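# Notes for the structure review
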Amino acid sequence: MAKKGLIVLAALVLAAAGWWVTRTPAFTLESTADRNVLLVTIDTLRADALSSYGGQAQTPNLDRLAAQGARFTFAHSQAVVTLPSHTTILTGHLPYEPGMRDNSGYRVKDGTVTLAGRLKALGYATGAFVGGFPLTKRFGLTPGFDVYDDQMGELSGDASFAMPERPASDVVARANAWIGQQGGKFFGWVHVFDAHSPYRPPAEFASRYQAQPYYGEVAWIDQALGPLFDRLATLSRPTTVIVTADHGESLGEHGEATHGMFAYESTLHVPLIVATVTPQSSRAPKGVVVTTPARHIDIAPS
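Here we summarise the structure given alongside this text. Keep in mind the model is a prediction, meaning the values are calculated, not measured.

Thresholds applied
Along each chain, numbering runs from 1 in the same order as the chain's sequence is written. Since the coordinates come from a predicted model, pLDDT governs what is reported: local features require at least 70, and pairs of side-chain atoms require 80 or more to be given and counted, while whole-chain, interface and lining totals use all residues. To obtain the side-chain values, all non-hydrogen atoms of the structure were used and water was disregarded. In DSSP terms, a helix is any run of H or I states spanning at least four residues, a strand is any run of E spanning at least two, and both are numbered starting from the N terminus. Only protein chains enter the accessibility calculation, which uses a 1.4 Å probe; a residue is then buried when its area is under 20% of its type maximum, exposed when over 50%, and partly exposed in between. Contacts are assigned to residue pairs with any non-hydrogen atoms lying within 4.5 Å of each other. Residue-level accessible areas treat just the shown protein chains as cover; the underlying method is Shrake-Rupley with a 1.4 Å probe. The salt bridge criterion pairs a side-chain nitrogen of Lys or Arg with a carboxyl oxygen of Asp or Glu, the two atoms within 4 Å. Any two strands with at least two DSSP-identified bridges between them are counted as paired. As used throughout, the charge tally considers Lys and Arg to be positive and Asp and Glu to be negative, leaving His and the chain termini uncounted. Pairs of N or O atoms within 3.5 Å make up the polar contacts considered here, provided that, within protein, one atom can donate a hydrogen while the other can accept it, and that residues adjacent in sequence are counted only when both atoms are side-chain atoms. Buried Ala, Val, Leu, Ile, Met, Phe, Trp, Tyr and Cys residues that are joined via side-chain atoms within 4.5 Å together make up what is termed a nonpolar core. Lines fitted to C-alpha atoms define the axes here, with helix axes fitted over just the stretch in contact, and angles between the N-to-C directions of these axes take values from 0 to 180 degrees. Put simply, angles under 35 degrees are roughly parallel, angles over 145 are roughly antiparallel, angles from 65 to 115 are roughly perpendicular, and the rest are oblique.

With that settled, the discussion passes to the overall build of the protein. Scanning the protein for helices and strands turns up nine helices and nine strands. Taken over 302 residues, the protein has a buried fraction of 58%. When contacts within the protein are restricted to residue pairs at least 6 apart in sequence, long-range pairs at least 24 apart make up 73% of them. In the structure as shown, the protein presents an accessible area of about 12200 Å², 52% of it carried by carbon and sulfur atoms.

A cis amide bond links Ser 197 to the next residue, Pro 198, at an omega of 0°. As for its position among the elements, Pro 198 is in the loop between strand E5 (186-192) and helix H7 (203-208).

A side chain of one charge can pair with a side chain of the opposite charge when the charged atoms of the two come close. Counted under the stated rule, the structure contains seven salt bridges. Taking the shortest distance from any N to any O, the salt bridge between Asp 149 and Arg 166 comes out at 2.9 Å. Of this pair, Asp 149 sits in strand E4 (residues 147-149) while Arg 166 sits in the loop between E4 and helix H6 (168-180), placing them 17 residues apart in sequence. Judged by relative accessible area, Asp 149 falls into the buried class, the value being 7%.

Quick look at the pairing of strand E3 (residues 125-129) now. Taken across its five residues, E3 has five buried, putting it largely inside the fold. Alternating positions in E3 separate into two faces, Ala 125, Gly 127 and Phe 129 on one and Thr 126 and Ala 128 on the other, with burial throughout. Bridge count between E3 and E5: five bridges; the pairing is parallel. Its bridge partner lying in E5, Ala 128 is registered against Trp 189. Taken together, the three bridges between E3 and E4 define a ladder with parallel strand orientation. From the neighbouring strand, Gly 127 faces E4, where its bridge partner is Val 147.

Taking burial as the measure, the ten residues of helix H4 (residues 82-91) include ten buried ones, the bulk of the element. Of the residues making up H4, those classed as buried are Thr 82, Leu 83, Pro 84, Ser 85, His 86, Thr 87, Thr 88, Ile 89, Leu 90 and Thr 91. Considering only its buried residues, H4 is in contact with strand E1 (36-42), helix H5 (115-121), E5 and strand E6 (239-244). A positive backbone phi angle near 80° is found at Gly 92, which sits one or two residues after H4.

Turning our eyes to something else, we now look at the side chain of Asp 246. Take Asp 246: it is sitting in the loop between E6 and helix H9 (265-268). Of the side chains bearing the opposite charge, Arg 46 lies closest to the buried Asp 246, which forms no salt bridge; the N-O distance is 12 Å. Here the side chain of Asp 246 touches Thr 82 through a polar contact of 3.0 Å, side chain to side chain. In this view, Asp 246 contacts Ile 42, Asp 43, Thr 44, Ser 77, Ala 79, Thr 82, Ser 85, His 86 and Val 270; residues no more than four positions away in its chain are not counted.

Counting residues in hydrophobic clusters, the biggest one holds 75 residues, and the most contacted among them are Phe 187 and Trp 189. Looking at this core, the element that brings in the most residues is helix H8 (residues 213-232), giving eleven residues.

With that settled, the discussion passes to the packing of H6 against H8. Between H6 and H8, whose axes approach to 9 Å, the crossing angle comes to 5°. For the element pair H6 / H8, the angle class is roughly parallel. Residues Ala 168, Ser 169, Val 172, Asn 176, Ile 179 and Gly 180 of H6 lie in contact with H8, whose contacting residues are Trp 220, Ala 224, Leu 225, Pro 227, Leu 228, Arg 231 and Leu 232.

Set out below in structure tokens:
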């Protein structure tokens, strides 16, 4: 596989990234495999929630990343629930192909090749740090990862209202500690779950977004991700960062309070940002806006 093709695949197996690299001269990925790759998936994030997309949540860290990368305005997920969607993101296959149809009662088929497995074979250290129960080890996305960190409390209370999770700040702290131990290139996956219902942002954000706690959660996630992006800027090699969501959130549209039942734009239209974070001494490139349709499934492993 050509080096540029490798970086596009490593950048996520998704989303018309090949079109962007080859046809958008204003912003390209350098043709070298000597870089880290970081995938950040923000659970339950509508595309129109981020301030860089015109949304009501103030997200300066993600906006800054978009300003030096590519911000896709018309990206879509393949499912409206967490586990099937993440299976597509990590394999490049439609959810049913690896055997995923819902968050429970299914497990990724044995032998399914993931992005982590492909990059591990190419000499990358691989680590996953997940924030919500639907992506814990029991569901089968672990192959290829040297570290799969899913430590969180067990389910308590009414499962119809909440699932076990841990805050984005804890996930980022674990990921940053692992990154600090890496001497060579790495592929990291950081998943944060806070925007999932019930919406209970920390007090500062709950106060700021009293009428819209969902947006408070999104703003809180952005703050929590700041130390992760800051850490990347201190590394000796560049890191290609991909930020997307597994699905959106209805917020009452079409009569649905959250997600999981209907496949409308509110739950399928997701943000997608691809950028390279370089050492602090390097000049960041100017970002571009990509309006071409993009999907998590667009580039599959071969």
